[in-house]
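The primary structure of each chain is shown beneath.
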Amino acid sequence: YCVHPDTSDEAKTRKQADVIESVIRDRLGRKTNAPAKYGCPLAETADWHVENIAKHLTSWPVIRAYIRELLEYFGPATDINAITDEKVAEYIIWSRKQTKSVWMKGPGQQPSYDSKNLKKTKKARAPGTINHYLKLLKQLFKTPMARKHCKNPPEIKLLKQPKRIPTPIDHASAEALL
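Quantities reported herein were computed from a predicted structural model and do not represent experimental measurements. (Residues numbered from 1 in each chain as written. Predicted model: local features only at pLDDT ≥ 70, side-chain atom pairs only at ≥ 80, totals over all residues. Heavy atoms only, no water.)

Engineer: Mind showing me how you'd approach the overall build of the protein chain here?
Structural biologist: Along the backbone of the protein chain there are seven helices and two strands. By residue count, 31% of the 178 residues in the protein chain fall in the buried class. Here the protein chain has roughly 12400 Å² of accessible surface; of this, 56% comes from carbon and sulfur atoms. (Helix = DSSP H or I, 4+ residues; strand = E, 2+ residues; numbered from the N terminus. Buried < 20%, exposed > 50% of the residue type's maximum accessible area, 1.4 Å probe, protein only. Areas by Shrake-Rupley, 256 points an atom, 1.4 Å probe, with all protein chains shown as cover.)

Right under this line is the structure:
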């Protein structure tokens, strides 16, 4: 009477049925991510993170740019319970389509990471860059108010990064090696 959603195996015992039901309940809970009694806007968790953690780091200007993008994408008034696994997956797809931005202010000046000082290139974002945004989103779900109000935070998995980028060798060097 109870079938596992991944393996399509039927439960033969009551214990197996309980395990399968808990898997299904967990997935349904994650998919809907039912809101808590009192929600918490994403901007509020970002504000707490900025005031208590990010402002004290040397990488604060970069983190500010990351927070700005996350708030623009998800919306500052979005309840953290509305951010599900599916929305995180959509963000990853959207983020992969974004192009790399390069700071164009000049040497010896402090980067401000404002959009007026950044120039878009034709290169897509690297998985490592996207992982920085995902790590920050993970940290926002670890703030005290997010822990209190979000019962089923999304499972945020980082993208795989290449271990090293191969450096091509020219034709003459290849012939000399062979």
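Engineer: Hey, could you run me through the packing of aromatic side chains in this one?
Structural biologist: The relative placement of two aromatic rings is captured by the distance of their centres and the angle of their planes. Enumeration over the complete set of coordinates arrives at six aromatic pairs. Ring centres of Y66 and Y133 lie 4.3 Å apart, and the angle between their planes is 50°; this geometry places the pair in the tilted category. Separated by 67 residues along the polypeptide, Y66 in helix α3 (residues 60–74) and Y133 in helix α5 (residues 127–140) bring together distant segments of the chain. Ring centres of Y73 and F74 lie 4.9 Å apart, and the angle between their planes is 90°; on these two criteria the pair is classed as edge-to-face. Ring-pair connections join several aromatic residues into one group, and the members of that group are Y73, F74, Y91 and W94. (Phe/Tyr/Trp six-rings, centres within 6.5 Å; stacked < 30°, edge-to-face > 60°.)

Engineer: Could you clarify how one ought to interpret the environment of Y73 in this entry?
Structural biologist: Looking at where Y73 falls in the secondary structure, it is placed in helix α3. In sequence terms Y73 and W94 are 21 residues apart; their C-alpha atoms lie 9.2 Å from each other. With residues up to four places along the chain from it excluded, the contact list for Y73 reads K87, E90, Y91 and W94. (Contact = heavy atoms within 4.5 Å.)

Engineer: Looking at this structure, I do not really get the pattern of salt bridges. What am I missing?
Structural biologist: Pairs may arise between side chains of opposite charge once their charged atoms sit close together. In total, this model carries four salt bridges according to the counting rule given. With a shortest N-O distance of 3.6 Å, E51 and K55 are connected by a salt bridge. Judged by relative accessible area, which is 41%, E51 ranks as partly exposed. For K55, a relative accessible area of 43% gives the class partly exposed. Among the ionic pairs, E69 bridges to R125, the shortest N-O distance being 2.5 Å. On the criterion of sequence distance, the pair formed by E69 in helix α3 and R125 in the loop between β2 (118–124) and α5 is long-range, its members being 56 residues apart. Side by side, E69 and R125 carry an identical accessibility label, which is buried. (Salt bridge = Lys/Arg side-chain N within 4 Å of Asp/Glu carboxyl O.)

Engineer: Is there a simple way to explain the confidence of the model for the protein chain in this structure?
Structural biologist: Low-pLDDT portions of the prediction should not be read for the details of their coordinates. Taken over all residues, the pLDDT of the protein chain has a mean of 82, while the share at 70 or more is 86%. Averaged pLDDT values for the elements of the protein chain fall to 71 in helix α1 (residues 14–32) and rise to 95 in α5. Note on residues 32–37: pLDDT is under 50 here. Beyond four places in sequence and across chains, it has 15 contacts. (pLDDT = per-residue confidence, 0-100.)

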